[in-house]
Amino acid sequence: MKNLFYAVICVLSISACSNNASQKVLPILGNREADTKTVNGKTITDTVYQTIPKFKFINQYGDSVSNKTLDGNIYVADFFFTTCPSICPVMHRNMLNVYKEFKNAGNFKIVSYTIDPKHDSVAVLKKYADNLGITGKNWLFLQGQKEETYKLAKSYMVEAREGNVHDGYFILIDKQKRIRGSYLGTDPAEVAKMIADIKTLQADPEQNIVQ
Amino acid sequence: MKRPISAVLLFIVSLLIASCINDQDIEFKRAYTAGAIVYQTHCQNCHGSNGEGLSALMPPLTDSVYLKQNKTQLACILKYGLKGNLIIVHGKPYQNQMPAAELAPIEIAQVLTYVKNSFGNKLGVVKVDEVNKDLSGCK
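Residues numbered from 1 in each chain as written. Chains lettered and ligands numbered in written order. Predicted model: local features only at pLDDT ≥ 70, side-chain atom pairs only at ≥ 80, totals over all residues. Heavy atoms only, no water.

Visitor: Tell me what's going on with the nonpolar core, and back it up with residues and numbers.
Guide: Counting residues in hydrophobic clusters, the biggest one holds 56 residues, and the most contacted among them are A:Phe55, A:Val98, A:Tyr113, A:Leu132, A:Trp139, A:Phe141 and A:Tyr156. Excluding residues that lie within four positions of it along the chain, A:Trp139 makes contacts with A:Gln60, A:His92, A:Met95, A:Leu96, A:Tyr99, A:Ile110, A:Ser112, A:Leu132 and A:Ile134. The next biggest cluster of nonpolar side chains, apart from the first, holds 29 residues, and it includes B:Ala36, B:Leu103, B:Ile108 and B:Val111. (Core = buried A, V, L, I, M, F, W, Y, C linked by side-chain atoms within 4.5 Å. Buried < 20%, exposed > 50% of the residue type's maximum accessible area, 1.4 Å probe, protein only. Contact = heavy atoms within 4.5 Å.)

And the structure:
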């Protein structure tokens, strides 16, 4: 009788757990608008979520990278500069764990935008990436116009402005270019949570229909 | 009569030695704990919580041989930074910038005591007098 009781508890807790995992969906962050249109005489309301707008930058290999290059990828973005003496080394120490974790996963990228394009030329970014131990194109270091970078930061809900001032957030973007998470990149615990969230997002059926 | 006196003497002498060792011990502990805080606020972001460094960007602080060989230079490195000098740590080359830290000589002594006795290093206490002397000889 007692054994049966334990067996039941066991089964229940396992199923409770796996249920949770399969139902978990990440929230969609950012602004949203209701888009109401009339189709075949019926009024339909769609929710339109904030997405990452168009951009065109250059990566550490000198290749041009646009929003299109990232199509079909889940990705994490951050803003930094190579000579940053304070939070960037911590952010990229933590990001290195993310890089290693998903090194062999397809359709996943890390995108680091420099906010100091004057100093961080393609050559400087390449050297930085090399020294950090980054190979291939899973982690892109991007350089563009300063004003465009600041503007783009806003659409990622990150603060970046004159005087090399920037936040240390990591922003998780889904394949529809919507914001699915914001994590303090200097905190190893938050970054560990982000790694778990990326896995949840990868398993989300919605992410596997759209390519 | 003779024996008890020498026993008492021995006792007093050993007490003195013990308190002396204790004083040194306290001095070390104070410098070490204060140094840990200086390390967390001024160094840990680059050199890591275990002095492990960061890939080929930031050198580790675990190379006791480097720390010993550059003993008199360490205070200068902290005070004035390093500007792209090629240095070899644990047999690996590093050529990056370390910014100058706004630290008083006492803080330099404390953080060096911490670094030199953490991360597998065992190189003893660093005194303020030594730091002042080393700083006067910075190139």
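Next comes the rest of the write-up.
Visitor: Which residues make up the UniProt feature "binding site: Cu cation" (unreviewed entry) in chain A, and what values go with them?
Guide: All names here are of chain A. Within this structure's numbering, the places UniProt gives as "binding site: Cu cation" (unreviewed entry) are Cys84, Cys88 and His166. On the basis of their most widely separated C-alpha atoms, the annotated residues across 83 residues gather in one place, lying no more than 10.2 Å apart. When only the residues just named are considered, the largest cavity is lined by Cys84 and Cys88. Not counting the four nearest positions on each side in its chain, Cys88 is found in contact with Phe80, Phe81 and His166. Mapped onto the elements, His166 comes out in strand S9 (residues 165-166). In this structure the side chain of His166 is engaged in a polar contact, spanning 2.8 Å, whose partner is the backbone oxygen of Phe79. (UniProt positions renumbered as here; feature names shortened; annotations may be inferred. 1 Å grid on protein atoms, 1.4 Å probe; cavity = no way out; pocket = protein on both sides within 12 Å on 5 of 7 lines; lining within 4 Å. Helix = DSSP H or I, 4+ residues; strand = E, 2+ residues; numbered from the N terminus. Polar contact = N/O pair within 3.5 Å; in protein donor to acceptor, adjacent residues only side chain to side chain.)

Visitor: Kindly report on a nonpolar patch on the surface, identifying the contributing residues and their values.
Guide: Residues B:Val8, B:Phe11, B:Ile12, B:Leu15 and B:Leu16 make up a contiguous nonpolar surface patch of roughly 500 Å² in combined accessible area. By the secondary structure assignment, B:Val8 is in helix H1 (residues 2-42). (Patch = residues over 30% accessible without salt bridge, like charges linked within 9 Å, V, L, I, M, F, W, Y side chains within 5 Å. Areas by Shrake-Rupley, 256 points an atom, 1.4 Å probe, with all protein chains shown as cover. Salt bridge = Lys/Arg side-chain N within 4 Å of Asp/Glu carboxyl O.)

Visitor: Outline empty space enclosed by the protein, listing residues and values.
Guide: Taken as a whole, this structure holds 1 cavity of 30 Å³ or more when the rule is applied. The computed volume of the largest cavity comes to approximately 40 Å³. A per-class count over the lining of the largest cavity returns 8 nonpolar, 1 polar and no charged. (Points joined across faces, edges and corners; volume = space filled by probe spheres on them. Nonpolar A, V, L, I, M, F, W, Y, C, P; charged D, E, K, R; others polar.)

Visitor: With reference to specific residues and values, describe the sheet that holds strand S10 (residues 169-173) of chain A.
Guide: Each strand in a sheet pairs with its neighbour through backbone hydrogen bonds, running either in the same direction (parallel) or in the opposite one (antiparallel). Residue and element names in this part refer to chain A. The strand order S7-S6-S5-S10-S11 describes an open sheet built from 5 strands, whose pairing is mixed. What marks the edges here is a single partner per strand, and that holds for strand S7 (139-142) and strand S11 (179-184). Strand-to-strand twist across the sheet, computed as the mean angle between neighbouring axes with direction ignored, equals 20 degrees. Bridge count between strand S5 (residues 74-80) and strand S6 (residues 108-114): 7 bridges; the pairing is parallel. Of the residues in S6, the one forming a bridge with Ala77 is Val111. (Pairing = 2+ DSSP bridges. Axes fitted to C-alpha atoms, helices over the stretch in contact; angles between N-to-C directions.)

Visitor: An account of the state of the cysteines is needed here, citing residue identities and associated values.
Guide: Each disulfide is one covalent bond, formed between the sulfur atoms of two cysteines. Overall, the coordinates contain 2 disulfides over all chains when judged by the stated rule. Through a disulfide, B:Cys76 is tied to B:Cys138; the S-S separation comes to 1.9 Å. Residues B:Cys76 and B:Cys138 are joined through a disulfide that is left-handed, its torsion about the S-S bond being -95 degrees. Linking B:Cys76 in helix H4 (residues 74-80) with B:Cys138 in the segment after helix H6 (128-136), this pair joins segments that are 62 residues apart in sequence. Residue B:Cys76 is classed as buried on the basis of its relative accessible area, which comes to 6%. Not part of a disulfide, B:Cys43 finds its nearest cysteine sulfur in B:Cys46, a span of 8.7 Å. Using a relative accessible area of 14% as the deciding quantity, one classes B:Cys43 as buried. Residue B:Cys46 stays outside any disulfide, its sulfur separated by 8.2 Å from that of A:Cys84, the closest cysteine. (Disulfide = S-S within 2.5 Å.)

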